[in-house]
Amino acid sequence: MLQKKVLNKLLASAFDVPVMVTYWDGKTENYGEGLPQIHITFNKKLDLKRMAKVPTLELAEAYMKRDIEIDGSIQELVTAAYRQADSFLTDQSGFTGSLISKFTSSHDKETSKEDIQSHYDIGNDFYKKWLDSTMTYSCAYWAHDDMTLEEAQIAKVHHILDKLHAEPGKTLLDIGSGWGTLIITAAQEYGLDSYGVTLSQEQYDYTMTCVKELGLEDKVHVLLQDYRDIDQQFDYITSVGMFEHVGKDNLAEYFKDVEKYLVPNGRALIHGITGQHYGAGVDPFIEKYIFPGGYIPNVVENVTHVLDAGLQLDDLEPLRRHYQKTLEHWADNYHKVFDETVSEYGEEFARMWDLYLQACAASFEAGNIDVMQFLLTKGASGHDLPMNRAFMTARD
Ligand SMILES: C[S@@+](CC[C@H](N)C(=O)[O-])C[C@H]1O[C@@H](n2cnc3c(N)ncnc32)[C@H](O)[C@@H]1O
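What you see is a predicted model, and the numbers here were worked out from it, not measured in a lab. (Residues numbered from 1 in each chain as written. Predicted model: local features only at pLDDT ≥ 70, side-chain atom pairs only at ≥ 80, totals over all residues. Heavy atoms only, no water.)

Undergrad: Give a detailed account of the overall build of the protein, specifying residues and quantitative values.
TA: Looking only at helices and strands, the protein features 16 helices and eleven strands. Compactness check: the protein gives a C-alpha radius of gyration of 22 Å against a globular reference of 21 Å for 396 residues, within 12% of the reference. With the principal axes as the frame, the protein shows a C-alpha extent of 70 × 40 × 40 Å. Taking all 396 residues of the protein together, 56% fall into the buried category. In the protein, once contacts between residues fewer than 6 apart in sequence are set aside, the share between residues at least 24 apart is 72%. (Helix = DSSP H or I, 4+ residues; strand = E, 2+ residues; numbered from the N terminus. Rg over C-alpha atoms; globule rule 2.2 N^0.38 Å. Buried < 20%, exposed > 50% of the residue type's maximum accessible area, 1.4 Å probe, protein only. Contact = heavy atoms within 4.5 Å.)

The following block contains the structure:
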């Protein structure tokens, strides 16, 4: 009875879209005005104490185990909850728990390696199922609304490389090079001598196979190591979807490393997720199951680190709606292979990834998080960038 009373109160204020809820005793209630498009079924009671402390983790685990079922769009439901978070996460509701993890993770090199491999070494076959053919695992760039995901991922790589205004024959380091599309494009289409660094064995193997097939061994170099062990300088640095892994305590050092690895007047384009309202930090579900050791800095936090590292901030571009759209494409692709994912990896895993992709899309949609491209120069003199931004979008 108490469970139902508490949930009733919570659900009455949690969403600004109409929702139908069926409780474990079989009774159904409607919340909000209008015809419900989303039906939530509680097959079991929740752990209310835990729910008060870590609401998203308790709900996510219940969803993974099918203690909760959702008929309708998870993205729409989570976006609606984020829009209402100020009204239900209050002292009066009793749900004063945090949407941000309090876990403090180590980022020594061994732990970083384990954390990275736990995510990226699930296997190339898994990521091939729902990423586009370039195997790019970061926000795409819709230069035109009607681009496919693959076109938008290629456009993103060009957007980044064009921002560097790179001269052929120079060197580029990509910190967190993933499955290698950026370093290969940099070599093939920009004439750069490119280096990529990753901690994932699967990504390393995949990139090396592509490099060999393309006969680019002299121009593209892949390093399987921690970026903190780089001991060279480069004309250009890119890092895409990477600083989210370094942890709050190491972010200042990360930007100092970017500065250290650049030649004087060298340029960097750093692209990653930044937090706004409920987004800075990391959600406890994401931290426990998806990105152990992850941390989303507030944009101001990152700008401070950039300036403290002695880097010049030349341009800052938010691409929030592009990441929402990227995640919507990934979630759609994932739904097409959901049943085979259940057979290969089990239902809990398959539901966890579905929730992760849709909840992240919701977080961008609600404006909790954004994704920023920081264009940086080491030193303010010797500047050869054009005076206006047209060079960044000449290809669009
Ligand atoms: C989200 S993926 C992005 C991959 C790629 N940049 C892309 O856009 O598709 C993050 C990448 O950062 C790498 N990474 C994370 N921490 C690292 C570290 N300490 N040293 C080297 N690479 C790291 C991972 O191995 C992975 O390649």
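Undergrad: So what's going on with the pattern of salt bridges? Residues and values would help.
TA: Considering all chains together, one arrives at 19 salt bridges under this definition. Across the pair R50 and E58 runs a salt bridge, and its minimum N-O distance is 2.7 Å. Residue E58 is classed as buried on the basis of its relative accessible area of 9%. Among the salt bridges present, the one from E69 reaches R66, with a minimum N-O distance of 2.6 Å. (Salt bridge = Lys/Arg side-chain N within 4 Å of Asp/Glu carboxyl O.)

Undergrad: Quick one: what's the story with unusual backbone geometry, residue by residue and with numbers?
TA: Residue M135 is not a glycine yet carries a positive backbone phi of 55°. In this structure, M135 sits in the loop between α6 (124-130) and α7 (149-164).

Undergrad: So what about the pairing of strand β7 (residues 220-224)? Which residues, and what values?
TA: Pairing analysis gives five bridges linking strand β6 (residues 193-198) to β7, with the strands arranged parallel. Its bridge partner being in β7, T198 is matched across the sheet by L224. Chirality of the crossover, the property in question, places the unit of β6, helix α9 (residues 201-213) and β7 among those that are right-handed. (Pairing = 2+ DSSP bridges. Right-handed = clockwise from strand over helix to strand, strands pointing away.)

Undergrad: Explain the site of the ligand residue by residue, including any values.
TA: Around the ligand sit 20 residues in total, of which Y137, S138, G176, T198 and Q203 are the nearest. Within the backbone of G176, an N or O atom sits 2.7 Å from a nitrogen atom of the ligand. A distance of 3.1 Å separates an oxygen atom of the ligand from a polar atom in the backbone of G178. Compared with its free state, where it exposes 590 Å², the ligand has 95% of that area covered by protein. Of all elements in the fold, only α5 (109-120) and β6 reach the threshold of two or more residues within the shell around the ligand. The class makeup of the residues in the shell around the ligand is eight nonpolar, eleven polar and one charged. (Near = heavy atom within 4 Å. Polar contact = N/O pair within 3.5 Å; in protein donor to acceptor, adjacent residues only side chain to side chain. Areas by Shrake-Rupley, 256 points an atom, 1.4 Å probe, with all protein chains shown as cover. Nonpolar A, V, L, I, M, F, W, Y, C, P; charged D, E, K, R; others polar.)

Undergrad: Talk me through the sheet that holds β6; I want residue IDs and the actual numbers.
TA: Read from one edge to the other, the open sheet built from seven strands follows the order β7-β6-β5-β8-β9-β11-β10, with strand pairing classed as mixed. Taken across any chain shown, the strands that pair with only one partner, and hence form the sheet edges, are β7 and β10 (311-318). Taking each pair of neighbouring strands and ignoring which way they run, the sheet shows an average axis angle of 15°. Sheet strands touched by α7: β5 (171-175), β8 (234-240), β9 (262-275), β10 and β11 (369-378). Its angle to β9, the strand with the most contacts, is close to 145°. Sitting on the sheet, helix α10 (residues 251-261) touches β5, β8, β9, β10 and β11, and the angle it makes with β9 is about 150°. (Axes fitted to C-alpha atoms, helices over the stretch in contact; angles between N-to-C directions.)

Undergrad: Tell me about the state of the cysteines, and name the residues and values.
TA: Scanning the entire structure with this criterion turns up zero disulfides. Residue C139 stays outside any disulfide, its sulfur separated by 12 Å from that of C360, the closest cysteine. Taking the relative accessible area as the measure of exposure, C139 reaches 0% and is therefore buried. (Disulfide = S-S within 2.5 Å.)

Undergrad: Describe the domain arrangement of the protein, and please don't skip the residues or the numbers.
TA: According to the domain assignment, the protein consists of domain 1 (1-91) and domain 2 (109-392). Relative placement of domain 1 and domain 2: their C-alpha centres are 34 Å apart. With 21 residues of domain 1 at the contact, the number on the domain 2 side is 23 residues. Of the roughly 2,000 Å² buried at the junction of domain 1 and domain 2 (both faces included), carbon and sulfur atoms supply 58%. On the domain 1 side of the interface with domain 2, the three residues burying the most area are M64, Q75 and Y82, jointly 37% of the side's total. Counting the contacts that link domain 1 with domain 2 gives two salt bridges. A salt bridge links R66 to E347; the nearest nitrogen and oxygen atoms lie 2.8 Å apart. (Domains from an automatic or database assignment. Buried area = accessible area lost by both parts, 1.4 Å probe.)

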